[in-house]
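Structure assessment
Each chain, written out:
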Amino acid sequence: MISHPSRHCAVELQALPSRIGQVRRIVSAQLRYWHMDPLIDRASLGVTELLSNVHRHARPDKTCTVEMELLLDRLKVSVRDRDPRLPVVEDAGLLATCGRGLAMVAAMSESWGALPEGDSGKVVWFTLPTPSATVPTVWDRYPRLAAGERADHRFTQVALVEPAEDHRPEPAPARSVVAG
């Protein structure tokens, strides 16, 4: 577990294609600041998909807020907009050029969801496990002594065993492809 308190970052914007690239850079910079570099690609992809949905579907306007919250063991990224309609995961056909965004968010994240906020809009979010939550520490990889246990009782004797007779065919002699 990480011992730092939760951290928060929020940006309000119009979900226009030119602004989405700026938000990706903000997300990347904030994650670098938090020393969460391994999350940059997935967080950027997820926020791009959510902002693209706001751009494509939100009514009455494209105003939204992107929030990132670094919790003890996960990063939560959310996009809040003013459209109360909840998103729908579509089953896009093989040749479809859109409709895969939420399925991609679901596939690359630990969890995701959408919550209505009455008539004032909704929030769509996803979480990613932080690197320290997914990688065991070096200390967890090695056996530990129980209280009062002597070190020499942890190890067992291992006898070396000769391998069984090898039944591989004899290698063929090497041949040159050069005439002569």
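Residues numbered from 1 in each chain as written. Predicted model: local features only at pLDDT ≥ 70, side-chain atom pairs only at ≥ 80, totals over all residues. Heavy atoms only, no water.

Quick look at the side chain of aspartate 83
Looking at the element boundaries, aspartate 83 is found in the loop between β3 (74–81) and α3 (101–108). Looking at aspartate 83, its side chain comes within polar contact range of the main-chain nitrogen of arginine 59, at 3.0 Å. Apart from the residues within four sequence positions on either side, aspartate 83 is in contact with His57, Ala58, Arg59, Gly121 and Lys122. (Helix = DSSP H or I, 4+ residues; strand = E, 2+ residues; numbered from the N terminus. Polar contact = N/O pair within 3.5 Å; in protein donor to acceptor, adjacent residues only side chain to side chain. Contact = heavy atoms within 4.5 Å.)

Observations concerning the confidence of the model for the chain
Per-residue pLDDT for the chain averages 77, and the proportion of residues at 70 or more is 66%. Note on residues 135–146: pLDDT under 50 across the span, and nine contacts to partners over four residues away in sequence or across chains. Here residues 151–161 is a poorly scored stretch, pLDDT under 50, and it has five contacts once near neighbours within four places are set aside; other chains count. (pLDDT = per-residue confidence, 0-100.)

With respect to the pattern of salt bridges
Side chains carrying opposite charge are able to pair once their charged atoms draw close together. With the rule as written, the count across this model stands at seven salt bridges. Arginine 80 is the partner of glutamate 117 in a salt bridge, and the nearest nitrogen-oxygen pair spans 2.9 Å. Of this pair, glutamate 117 sits in the loop between β4 (111–116) and β5 (122–129) while arginine 80 sits in strand β3, placing them 37 residues apart in sequence. For glutamate 117, a relative accessible area of 28% corresponds to the partly exposed category. Notably, a salt bridge pairs lysine 122 with aspartate 81, separated by 3.0 Å at the nearest N-O pair. Highlighted residues: lysine 122 in strand β5 and aspartate 81 in strand β3, separated in sequence by 41 residues. Both residues of the pair, lysine 122 and aspartate 81, belong to the buried class. Beyond isolated ion pairs, a larger network of salt bridges with shared partners links Glu67, Arg80 and Glu117. (Salt bridge = Lys/Arg side-chain N within 4 Å of Asp/Glu carboxyl O. Buried < 20%, exposed > 50% of the residue type's maximum accessible area, 1.4 Å probe, protein only.)

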